[in-house]
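# Secondary and tertiary structure notes
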Amino acid sequence: MVLYISVAIGTVALGYLVNNQCRRDGGTLSRQQLLNVFSLLFMFLVLFAVSACRLNVGNDYAKYVEFMHLVNCDAYVPTEIGFNTLVKIIYGISGYENFLLVFAVFAFFTVLLFLGAIYKQADSFGFSFFLFMAFGYYFQSFNTVRYYLALAIALYAIPYVLKKEWGKFVFLILLGATFHKSLLVVLVLYVLAFVDWKKWQLLLAAAFCSTFFFFQDFYLKVVVMLYPTYEGTEYLEGGTSYVNIARCAAVLLLSLICYRKIVKNSERNRFYFYCNLGALVLYVCCSFLPIISRIGYYLTITHIFFLPTLIGSIENEKLRKLCKAGVVVAGVLYFVLFMRKAGADGLRILPYETFFFHEMVPILSDVS
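Residues numbered from 1 in each chain as written. Predicted model: local features only at pLDDT ≥ 70, side-chain atom pairs only at ≥ 80, totals over all residues. Heavy atoms only, no water.

What follows covers the overall build of the protein chain. When helices and strands are counted, the protein chain shows 20 helices and zero strands. Since a compact globule built from 368 residues should have a radius of gyration of about 21 Å, the 21 Å found for the protein chain is in line with a globular shape. Counting only C-alpha atoms and orienting by the principal axes, one finds that the protein chain spans roughly 65 × 60 × 40 Å. Taken across its 368 residues, the protein chain has 48% of its residues classed as buried. If you take every contact in the protein chain between residues at least 6 apart in sequence, the share linking residues at least 24 apart comes to 73%. When the accessible area of the protein chain is evaluated, it comes to approximately 18,200 Å², of which 68% is carbon and sulfur surface. Taking the average place of the 29 positive charges on the side chains of the protein chain and the average place of its 20 negative ones, the gap between the two points comes to 14 Å. (Helix = DSSP H or I, 4+ residues; strand = E, 2+ residues; numbered from the N terminus. Rg over C-alpha atoms; globule rule 2.2 N^0.38 Å. Buried < 20%, exposed > 50% of the residue type's maximum accessible area, 1.4 Å probe, protein only. Contact = heavy atoms within 4.5 Å. Areas by Shrake-Rupley, 256 points an atom, 1.4 Å probe, with all protein chains shown as cover. Lys, Arg positive; Asp, Glu negative; His and termini not counted. Charge placed at Lys NZ, Arg CZ, Asp CG, Glu CD.)

What follows is the structure, given as C-alpha cells:
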C-alpha cells in the first residue's frame, strides 16, 4: 500500500507541474514546455513500470495467464481476436510463453493513451490527473487489462466525437473492440450523449428507461446472447455501486447549478453532462445487468474533465475554492476507501509482487 500511495502522490505532484494549455510557438521550446515533457515522461515511466513489473497482482492475473496459454495451444478462449493475435505474436517472437511481456504491452498502451487523452482534453491537467488517480482508474487497470485498454481508447476517442470526425471515432472504437467488445457500446452511448436533447425527447427516453424495471428477464436474455459465457455464472447476478450513484448525483447537481452558464451552449460540456446523466440512469435502472459498472465507466470517466470545468466556471473565488477543496477531499476519501478494499476478492491488487522477487503461481493447466 505504501508503494501505491507513494506512486499516487508522486505522479499527482508531477501532474501539477504540467501546463497543457501551453502551446509551442515557433521552433524553440519554452521552459514550461520542457517541464511538461520531463514531467509527463517521468509520470509515464513510473506508472508503466509499476504496472508492467507486477506478478500475479490483480484478481484475474492468473486467469489471463491461463487464457494466454490456451491461445498458444490453439484451444478455445472467450477473449477477442485482437488479444489472441497479440498473444500469438509475442509468444512467437519470444519463443516461449512470455506472459510478462504481454502484460507490459498492455500497460504501455493503457498508460500512454490515458495520459495522452488527459493532456489533450483537460482544462487543468493536474486537477484532471488527480481525479484519474483518486478515482482508482489507474490501479484498477491491474485487473481486466483488456477492458482498461478499451476504456483508455474510449477516452482518447472523445475529441473525434466532439469534432464530428465520425470515421476516426468509429475506426478507433472498432480497433479497441478487438480487445474488449464491450467498447462497442460507446458507438451508441457517446452518440446519444452528443445529441442536444429536447425536453420531449428526454421524456420519451425516461419512459423507455422505465422498461428496465419491468422487463428485466428480457434484457438479461439479450445480454446472454451478446455474452454467452455469462450464462449460468455469477456474472448474471448484477449489482450496482451506491458510491457511483452518489458521485453521479453530486456531479448532476453541480452541473444543473452551472447549466445555463457553462453547459447549455457548449457541445463539449453538454456531452459530459449527458454522459453523467446516462451513467446515473444506468446505475439506478439497470442494476440487474451483469457488471453494469463496466458500461458505466465509459460514461463516468468524463468526470475527470467535467468536474474541473464546472468548478472553474464559478465566478465567486471563495465559493470556487471551497468547491475545489470539497472535490479534493471527496477524491482523497474515495482513494482511501479504494485502498482499504485493494486486497479483497474481486480486486486483489495487494499485496504488490514483482517478477524480480517472486515466482508465478501454477495456473489451472499446470495443476489439472
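Okay, back to it.
Let's shift gears to the nonpolar core. Residues F129, M133, Y138, F139, Y190 and I349 are the most contacted members of the largest nonpolar core, which totals 115 residues. Examining the composition of this core, we find that 14 residues originate from one element, helix α8 (residues 145-162), more than from any other. Once residues within four sequence positions are removed from consideration, Y138 is found in contact with V7, V46, L47, V50, S51, V111, F132 and M133. (Core = buried A, V, L, I, M, F, W, Y, C linked by side-chain atoms within 4.5 Å.)

Turning to the packing of aromatic side chains, a few remarks are in order. Evaluated as defined, the whole model comprises 39 aromatic pairs. An angle of 80° between the planes, with centres 5.9 Å apart, marks the rings of Y4 and Y352 as edge-to-face. Here the residue Y4 occupies a position in helix α1 (residues 2-15), and Y352 occupies one in the loop between α19 (317-340) and α20 (364-367), the gap between them amounting to 348 residues. For Y4, a relative accessible area of 0% gives the class buried. With relative accessibility at 22%, the residue Y352 sits in the partly exposed group. On the numbers, 6.4 Å between centres and 80° between planes, the contact of Y64 with F103 is edge-to-face. A residue pair is termed long-range when its members are at least 10 positions apart, and Y64 in helix α3 (residues 61-72) and F103 in helix α5 (residues 99-121) qualify at 39 residues. We note that Y64, like F103, is buried. Here a set of aromatic residues connected by ring pairs shows up, and it is made of F114, Y119, F125, F129, F132, F135, Y137, Y297 and Y334. (Phe/Tyr/Trp six-rings, centres within 6.5 Å; stacked < 30°, edge-to-face > 60°.)

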